[in-house]
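Each chain, letter by letter, is given below.
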Amino acid sequence: MGLKRNVGLMEGLRYQGKGPMLAFILHRITGLGIVLFVALHILASYISNLDWGTTAGIFVNTIYEHWLFQIFIIFCALFHAINGLRIVILDLWPKLIEFQRETIWVEWFVFLPIYAIALIIIIRGGLGG
Amino acid sequence: MKTQPRTAPQRGFHFDYLMWLFTRLSALAMYLLAIVGIVAALLMSARQNMTMPDLMRWAFMPNPNHVANTNIPDIEAWKGIFWQVMGILMLLFAGSHGFHGLLNVLEDYISQRWVRNLLRILVLLIWPLMSAIGIYVILTS
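Residues numbered from 1 in each chain as written. Chains lettered and ligands numbered in written order. Predicted model: local features only at pLDDT ≥ 70, side-chain atom pairs only at ≥ 80, totals over all residues.

*Asks:* What is the right way to read the overall build of chain A from this model?
*Replies:* Counting secondary structure elements, chain A contains five helices and zero strands. Counting from the amino terminus, helix and strand elements in chain A follow one another as α-α-α-α-α. Buried positions account for 16% of the 129 residues belonging to chain A. Long-range pairs, those at least 24 residues apart, make up 63% of the contacts in chain A with a sequence separation of at least 6. (Helix = DSSP H or I, 4+ residues; strand = E, 2+ residues; numbered from the N terminus. Buried ≥ 20, exposed ≤ 12 C-beta atoms within 10 Å, placed from the backbone. Contact = placed C-beta atoms within 7 Å.)

Set out below in structure tokens:
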């Protein structure tokens, strides 16, 4: 490991990578969100089947079913899935790398309508519609 | 300052390349599993009575007990080994994809070597543990 890691956090935040950087960093954040969510979700379903853990497990799962949490986790799942598909397509057809900024525009045009529909459904359900 | 010559990355099939490829292929596999789950839910007449959590459940973990409150009339016909295998496949793909991603993130942001190695070992311990717990939950719940 000959890599020097001497870029501080503030210096990193000031880096103006524009679209590709935003997609990259959101991919990481949403990925970490999904790992945390899925791991805790599996643990919660496991302990809610045990004698001592029913209350705790059901408590965690009711948080997950809350509509405010769904707004977050749908963002994570949808963005990670769509950006991941973009990465897969670019990596399997390397000639498309030339158009990677354009693919990010396409990605947002695909992501935003789907997320908007999901938001409408979630919020309408959450407000009891 | 004298710079050390860096060894060129190994060409061809080596572990990092395989994991890089696996990340892409498991993503495609999860797309396939999610599409199968959603299409099956629609075939089971879930079109009118799916909420957003139900859609997520069918897409990502379609085992019968997980989606029982979708209120699908003929879910009994679909209980069985098929959806358990689907669930386990999704769990293993998602787990290896996710924990490998976590290792990549650690690699990039944790600068102290011993902390990085500690967290790496921790992740590599949690990964099979969570997979085992997940398979147990799928098979018993």
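That was the structure; now back to the text.
*Asks:* Can you help me understand the overall build of chain B in this one?
*Replies:* Tallying secondary structure elements over chain B gives four helices and zero strands in all. Listed by position from the N terminus, the elements making up chain B come as α-α-α-α. Counting over 141 residues, chain B shows a buried share of 24%. Taking the contacts inside chain B whose residues are at least 6 apart along the sequence as the reference set, 60% of them involve residues at least 24 apart.

*Asks:* Can you walk me through the confidence of the model for chain B in this structure?
*Replies:* Caution applies to low-pLDDT regions: their predicted coordinates should not be interpreted in detail. Residue and element names in this part refer to chain B. Averaged over all residues, the pLDDT of chain B is 80; the fraction at 70 or higher stands at 77%. Averaged pLDDT values for the elements of chain B fall to 76 in helix H2 (residues 52-60) and rise to 88 in helix H4 (residues 113-140). For this predicted complex, the interface confidence reaches an ipTM of 0.79, while the overall pTM sits at 0.81. (pLDDT = per-residue confidence, 0-100.)

*Asks:* Please clarify how helix H3 (residues 54-65) of chain A should be interpreted in this entry.
*Replies:* In an α-helix, one turn spans 3.6 residues, which is why side chains three or four residues apart end up on the same side. Spanning 12 residues, H3(A) covers 16 Å between terminal C-alpha atoms, matching the ideal 16 Å at 1.5 Å per step. Summarising burial for H3(A): zero of the 12 residues are buried, a small minority. (Expected span 1.5 Å × (residues − 1).)

*Asks:* Mind showing me how you'd approach the packing of helix H2 (residues 18-47) of chain A against helix H4 (residues 67-92) of chain A here?
*Replies:* When two helices pack together, their arrangement is captured by the angle between the axes and the distance separating the axes. Residues and elements named next belong to chain A. The N-to-C vectors of H2 and H4 enclose an angle of 125°; their axes lie 8 Å apart at closest approach. By the criterion of interaxial angle, the relationship of H2 to H4 is oblique. Between H2 and H4 lies a crossing of left-handed hand. Each of Ala23, Leu26, His27, Thr30, Gly31, Gly33, Ile34 and Phe37 in H2 lies in contact with H4, whose residues at this interface are Ile73, Phe75, Cys76, Ala77, Phe79, His80 and Asn83. Across the contact of H2 with H4, the residue classes tally to nine nonpolar, six polar and no charged. (Axes fitted to C-alpha atoms, helices over the stretch in contact; angles between N-to-C directions. Parallel < 35°, antiparallel > 145°, perpendicular 65-115°, else oblique. Left-handed = near helix turned anticlockwise from the far one by under 90°. Nonpolar A, V, L, I, M, F, W, Y, C, P; charged D, E, K, R; others polar.)

*Asks:* Where do I start with the interface of chain B and chain A in this structure?
*Replies:* Many structure descriptions define interface size as the accessible area lost when the parts assemble. Listed per partner, the contact involves 19 residues of chain B and 25 residues of chain A. When residues in the side of chain B that touches chain A are grouped by element, the largest group, five residues, is from helix H3 (residues 81-109) of chain B. The class makeup of the residues in the side of chain B that touches chain A is 10 nonpolar, seven polar and two charged.

*Asks:* Would you explain the nonpolar core in this entry?
*Replies:* Buried together is how nonpolar side chains tend to be arranged in soluble globular proteins. The biggest cluster of nonpolar side chains holds 26 residues, and the ones touching the most others in it are Val38(A), Leu55(B), Ala59(B), Phe60(B) and Met90(B). Of the residues forming this core, the biggest block, six residues, is contributed by H2(B). In this view, Ala59(B) contacts Ala34(B), Gly37(B) and Ile38(B); residues no more than four positions away in its chain are not counted. (Core = buried A, V, L, I, M, F, W, Y, C linked by C-beta atoms within 7 Å.)

*Asks:* What am I meant to see in the packing of H4(A) against helix H5 (residues 100-126) of chain A here?
*Replies:* Residue and element names in this part refer to chain A. At a minimum axis separation of 10 Å, H4 and H5 run at an interaxial angle of 155°. It follows from the interaxial angle that H4 and H5 lie roughly antiparallel. Remark: the crossing between H4 and H5 carries right-handed chirality. By residue class, the composition of the contact of H4 with H5 is 16 nonpolar, six polar and two charged.

*Asks:* Honestly, the environment of Ala27(B) in this entry has me stumped. Any pointers?
*Replies:* Of note, Ala27(B) is situated in helix H1 (residues 15-43). As for Ala27(B) and Phe93(B), which are separated by 66 residues in sequence, their C-alpha atoms are 8.0 Å apart. Those residues within four positions of Ala27(B) in sequence are excluded, and the remaining contacts are Gly84(A), Val88(A) and His97(B).

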